[in-house]
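So the chains spell out like this:
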Amino acid sequence: MPKDFGIGAASKRREDVRFLSGTGKYTDDINLPRQTYVYFLRSSVAHGKINGIDTSAAEAAPGVVKIFTSKDFEGVGGIPCGWQVTDKHGEPMKEPAHPILATGKVRHVGDPICAVVAETKEQARDAAELIELDIEELPAVVDMKAALEPGAATVHDELGDNLCYDWGFVEENKQAVEDAIANAHHVTTLELVNNRLVANPMEPRAAIGDYDRASGEHTLYTTSQNPHVIRLLMGAFVLGIPEHKLRVVAPDVGGGFGTKIFHYAEEAFCTAAAKTVGRPVKWTSDRSEAFMSDAHGRDHVTKIELALDENGKFLAIRTDTLANMGAYLSTFAPSVPTWLHGTLMAGNYTTPVIYVNVRAVFTNTVPVDAYRGAGRPEATYQIERVIDKAAREMGIDPIELRRRNFIQPDQFPYATPVAVEYDTGDYDATMRKLEEMADIAGFAARRAESAAKGKLRGLGVCQYIEACGIAPSNLVGQLGARAGLYESATVRVNPTGSIAVYTGSHSHGQGHETTFPQVVAEMLGIPEDQVDIVHGDTSKIPMGMGTYGSRSLAVGGSAMVRATEKIIAKAKKIAAHILEAAEGDIEFANGEFSVSGTDKKLTFGEVALAAYVPHNYPLEEIEPGLEETAFYDPSNFTYPSGSYACEVEVDPDTGKVDVLAFHAADDFGNVVNPMIVEGQVQGGVAQGIGQAMLEACRYDTETGQLLSASYMDYAMPRASDVPMVNVDHSCQTPCTHNPLGVKGCGEAGAIGSPPALVNAVLDALNAGGIGVDHIDMPLTPSRVWGAINAAR
């Protein structure tokens, strides 16, 4: 029977009341007294030498307060990178400077050159049009292969070339992989592109800097997924502001998808400029500006080889990937194609040896960093596409080929050849559930119905696994992370028994204000509406690492459990004294403290009041108050997994693809709120369908001009493109190393959907007698039509 309270209940999202009624408070909703506005004059060329900047006319324009150039930031640190990768030769990656405003050169279209602060947005924009720039345009590099050619133009002259790092993993496996491929019964090879994407959250980025001269305190309001990380990076490494003098506030945030994790130049600028001009400085991006200033995602080019024996057992995998870094290193960019990608190349399978080579490349494009899934979608796409191609080449059913290679339940914990250990899973269980959900047995009849209409119907499957809650800190520190990856929580019990939970996790659509109270309320036996969640303000919450990588419940929720356990332990001491019993005899259940074997008891509220009215307990033994803090650093990743199926219909005359059905059978471990989990999967699948069918960020390979800088040229998925996604999460193998047994669900849909959809389209074409091995995403009608006609 469904629960109506606590863990496992489909509690309605309480935060939606303000969002749907228009009373949410986003950064752009904040306006401060005497506020000014900034407009960034950005480069219109991809690569050029700045010979001169004439701001005289602009400075005389109405409303102008001050115009900033790079000279105003001499001696100020650049935007730092938060992860250092060491290459296969033991050398650290190349890490060029990333100035707040372009210094000497511009390196991509959208690179900020000048900043005009004025009384109004319109005045700032008008004045910027009066600035005269003398920029000597230089050859641009956009294509990664071309960027690595001898003699190619260099994005950063001081580096000598455009190679950021050449990473090999695991080097000890390299020879064994080569031998296995050389001696295999069959080797399937596939070259593919993981297309560049723009995150496009509903709310564009914004920042407001404020400075209090009396206290010397800076405040930054910003659209961030992790305000403490912004405070650390900007305060310590960019502006040199002591952390106790820097407050970062991330109010309601309208979506992030990874792109709001990172520290951006605009945040540092607004913070510094507010002190310089002595007034608040506000910036809000418009949508076209976001296309050329928000970090992009994906953009990998990969060759993958899969070696198999005569029975279809996997023997080895070898990949060679070019990963685009863009013009500068964004906060976590180096980790995405390496540790977040290479460590997942085993997938759900028992492949004995794997070797991954990644070359990260600088180009004259917007920086690339984590986008929903961050490395895991790239790994899954490679594996699941090459498996389908191998199945076709060897004449084996694609589901059967996967089953022959699944890690079995009795093999857990399972150490993969790419240095991670899966704790639990049952991959055949989710595949069986998927076969039932998708009615695979009835697919042949549905295919015949489509054929009768002149359409080609296809069915594609995907088996994914991902690593969530990046951890532990001591391990990721060895791998190059420049920050800890724990999470924190403070649970404050008020005298009347209501509770405020202060968390370092940040909500930007996940439903934390609903799910986190479910956890605490379940543990304390109190109504969920008695628990309030506080997040996003570094002056209120303990140091935390924010929200990304599907870590909120697995890491942030676990910190809350630990803090609540401390609350219960202290409350037991208070109850024992009041009830005149030994602490060991106190039991706590359903919101009541009782003495074992008696009818003596106190409610949680009564004990809470006693904690703040300590008239009658030994203060030398028990401090007044009831408030506890915990930091939780996981011992391992969590490993959600699942089986996805996509059913499509292809019009062979036009290449148009219609997604008819999508089914997702996931193993997320224990589920706190099934309604929110279902919504997360559906949203992720919608984004994956967008990548697979529609979205592509494109540059002119000669000039470096951004060709898809608005929704006129960048196609986003519409409601008509996405079917109702059938979601199941009944196959549960709880995580063994966090107190909630949860695994993470926020990115799964975006990981498993692209290969399922592409596999479905290729299944339709090949079953229709059109031999096509691969089509690169997005599978637009023109691409599909072109592949059909090329194969005929």
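For the structure, check the block above.
Keep in mind it's a predicted model, so treat the numbers as computed, not measured. (Residues numbered from 1 in each chain as written. Predicted model: local features only at pLDDT ≥ 70, side-chain atom pairs only at ≥ 80, totals over all residues. Heavy atoms only, no water.)

J.: When you look at the overall build of the protein in this model, what are you seeing that I'm missing?
T.: Each helix and strand in the protein was counted, giving 19 helices and 30 strands. Its C-alpha atoms give the protein a radius of gyration of 28 Å, within 12% of the compact-globule value 28 Å for 792 residues. Along the longest, intermediate and shortest principal axes, the C-alpha atoms of the protein span 90 × 75 × 50 Å. Counting over 792 residues, the protein shows a buried share of 62%. Restricting to contacts in the protein with at least 6 residues of sequence separation, those with at least 24 account for 80%. Of the accessible surface of the protein, which amounts to about 28600 Å², a share of 50% is contributed by carbon and sulfur atoms. (Helix = DSSP H or I, 4+ residues; strand = E, 2+ residues; numbered from the N terminus. Rg over C-alpha atoms; globule rule 2.2 N^0.38 Å. Buried < 20%, exposed > 50% of the residue type's maximum accessible area, 1.4 Å probe, protein only. Contact = heavy atoms within 4.5 Å. Areas by Shrake-Rupley, 256 points an atom, 1.4 Å probe, with all protein chains shown as cover.)

J.: Looking at this model, I keep getting lost on the sheet that holds strand E15 (residues 300–308). Mind explaining?
T.: Within a beta sheet, neighbouring strands are joined by backbone hydrogen bonds and run either parallel or antiparallel to one another. Overall, mixed pairing links the five strands, which are arranged E7-E17-E16-E15-E8 in an open sheet. The two strands at the open ends of the sheet, each matched to only one other strand, are strand E7 (163–169) and strand E8 (186–194). For this sheet the average axis-to-axis angle between neighbouring strands, irrespective of direction, equals 10°. Pairing analysis gives nine bridges linking E15 to strand E16 (residues 314–326), with the strands arranged antiparallel. Each residue of the ladder has a partner; that of Thr302, found in E16, is Thr321. Along the sheet face, helix H5 (residues 174–183) touches E8, E15, E16 and strand E17 (353–362) and points at about 120° away from the line of E16. Running at roughly 140° to E8, helix H9 (residues 376–394) makes contact with E8, E15 and E16 of the sheet. (Pairing = 2+ DSSP bridges. Axes fitted to C-alpha atoms, helices over the stretch in contact; angles between N-to-C directions.)

J.: How do you make sense of empty space enclosed by the protein when you look at a structure like this?
T.: Rolled over the atoms, a probe with the dimensions of a water molecule shows which regions are left empty. Within the structure shown, the criterion is met by seven cavities of 30 Å³ or more. Lining the largest cavity are 23 residues, and of these His98, Tyr264, Ala265, Ser293 and Pro367 lie nearest its centre. Per-class residue counts for the lining of the largest cavity are 12 nonpolar, seven polar and four charged. (1 Å grid on protein atoms, 1.4 Å probe; cavity = no way out; pocket = protein on both sides within 12 Å on 5 of 7 lines; lining within 4 Å. Points joined across faces, edges and corners; volume = space filled by probe spheres on them. Nonpolar A, V, L, I, M, F, W, Y, C, P; charged D, E, K, R; others polar.)

J.: Before we go on, may I ask you to explain the sheet that holds strand E26 (residues 601–603) in this structure?
T.: Spatial strand order, E24-E25-E26: three strands in an open sheet with antiparallel pairing. Two strands lie at the open edges of the sheet, namely strand E24 (586–589) and E26, each paired on one side alone. Direction aside, the axes of adjacent strands within the sheet are offset by 20° on average. Where strand E25 (residues 592–595) and E26 come together, three bridges link them in antiparallel fashion. Bridge pairing in E26 places Ser594 opposite Lys601. Running at roughly 80° to E26, helix H16 (residues 604–612) makes contact with E24, E25 and E26 of the sheet.

J.: How should the packing of aromatic side chains be read in this particular structure?
T.: Two aromatic rings, taken as a pair, are described by how far apart their centres are and by the angle between their planes. Under the definition given, this model contains 25 aromatic pairs. Here the aromatic rings of Trp167 and Trp339 are separated by 5.1 Å at their centres, their planes lie at 80°, and the arrangement is edge-to-face. Pair noted here: Trp167 is in strand E7 and Trp339 is in the loop between E16 and E17, with a separation of 172 residues, a long-range link. Accessibility assignment for this pair places Trp167 and Trp339 in one class, buried. Put simply, the rings of Phe40, Phe68, Phe73, Phe269 and Trp283 touch in pairs and so form one group of aromatic residues. (Phe/Tyr/Trp six-rings, centres within 6.5 Å; stacked < 30°, edge-to-face > 60°.)

J.: When you look at the environment of Glu217 in this model, what are you seeing that I'm missing?
T.: Position of Glu217 relative to the elements: it lies in strand E11 (residues 217–222). Taking the C-alpha atoms as reference, Glu217 lies 9.6 Å from Glu243; in sequence the two are 26 residues apart. Not counting residues up to four positions away in its chain, the partners in contact with Glu217 are Asp210, Tyr211, Asp212 and Lys245.

J.: Before we go on, may I ask you to explain the layout of surface pockets in this structure?
T.: Taken as a whole, the second largest pocket encloses approximately 500 Å³ of empty space. For the second largest pocket, the lining is made up of 22 residues, of which Val193, Arg196, Asp299, Cys697 and Arg698 are closest to its centre. Broken down by secondary-structure element, the contributors of at least two residues to the lining of the second largest pocket are helix H4 (144–147), E8 and E16. When grouped by side-chain class, the residues that make up the lining of the second largest pocket number 10 nonpolar, five polar and seven charged.

J.: Which parts of the structure should I look at to understand a nonpolar patch on the surface?
T.: Residues Leu609, Tyr612 and Val613 make up a contiguous nonpolar surface patch of about 240 Å² in total accessible area. Taking relative accessible area as the criterion, Val613 reaches 37% and is therefore assigned partly exposed. (Patch = residues over 30% accessible without salt bridge, like charges linked within 9 Å, V, L, I, M, F, W, Y side chains within 5 Å. Salt bridge = Lys/Arg side-chain N within 4 Å of Asp/Glu carboxyl O.)

J.: Is there a simple way to think about the pattern of salt bridges in this case?
T.: Pairing between side chains of opposite charge can happen when the charged atoms of each approach one another. On inspection of all chains with the given rule, the structure shows 44 salt bridges. Residues Arg432 and Asp428 are paired through a salt bridge, measuring 2.6 Å at the closest nitrogen-oxygen approach. Remark: Asp428 and Arg432 occur in helix H11 (residues 427–437); sequence separation between them is four residues, near one turn of the helix. The class of Asp428 is partly exposed, set by a relative accessible area of 21%.

J.: Explanation requested: the packing of helix H10 (residues 398–405) against H11 in the structure shown.
T.: Relative placement of two packed helices is described by the angle separating their axes and the distance separating the axes. Close contact between H10 and H11 brings their axes to 11 Å; oriented N to C, the two are set at 160°. Here H10 lies roughly antiparallel to H11, going by the angle between them. Crossing angle aside, the handedness with which H10 passes H11 is left-handed. Residues Ile399, Arg402 and Arg403 of H10 pack against Asp428, Met431, Arg432 and Glu435 of H11. (Parallel < 35°, antiparallel > 145°, perpendicular 65-115°, else oblique. Left-handed = near helix turned anticlockwise from the far one by under 90°.)

J.: Teacher, can you tell me more about unusual backbone geometry here?
T.: Residue Val170 is reached from Phe169 by a cis peptide bond, and omega for that bond is -5°. One can find Val170 in the loop between E7 and H5. In this structure, Phe257 takes a positive phi of about 60° despite not being glycine. Here Phe257 is to be found in the loop between strand E12 (246–249) and helix H7 (265–277). Here the phi dihedral of Ala419 falls at roughly 70°; this positive angle occurs in a residue that is not glycine. Note that Ala419 resides in the loop between strand E18 (414–415) and strand E19 (421–422). The class of Ala419 is exposed, set by a relative accessible area of 57%.

J.: I tried to follow the pairing of strand E2 (residues 48–54) on my own but got confused; where do I start?
T.: Along any regular strand the residues' side chains alternate between the sheet's two faces. When E2 meets strand E4 (residues 105–106), the two strands line up antiparallel, connected through two bridges. Its bridge partner being in E4, Gly48 is matched across the sheet by Val106. Of the pairings in the sheet, the one linking E2 to strand E6 (residues 132–137) comprises six bridges and is antiparallel in character. By the bridge assignment, Ile53 is partnered in E6 with Leu133.

J.: Just to check I follow, could you spell out the packing of H9 against H10 for this structure?
T.: With their axes 9 Å apart at the nearest point, H9 and H10 run at an angle of 115° to one another. Comparing their axes, H10 and H9 come out roughly perpendicular. Crossing handedness for the pair H9 and H10: right-handed. In contact with Glu384, Ile387, Asp388, Ala390 and Ala391 of H9, H10 contributes Pro398, Leu401 and Arg402. Tallied by class, residues from the contact of H9 with H10 come to five nonpolar, no polar and three charged.

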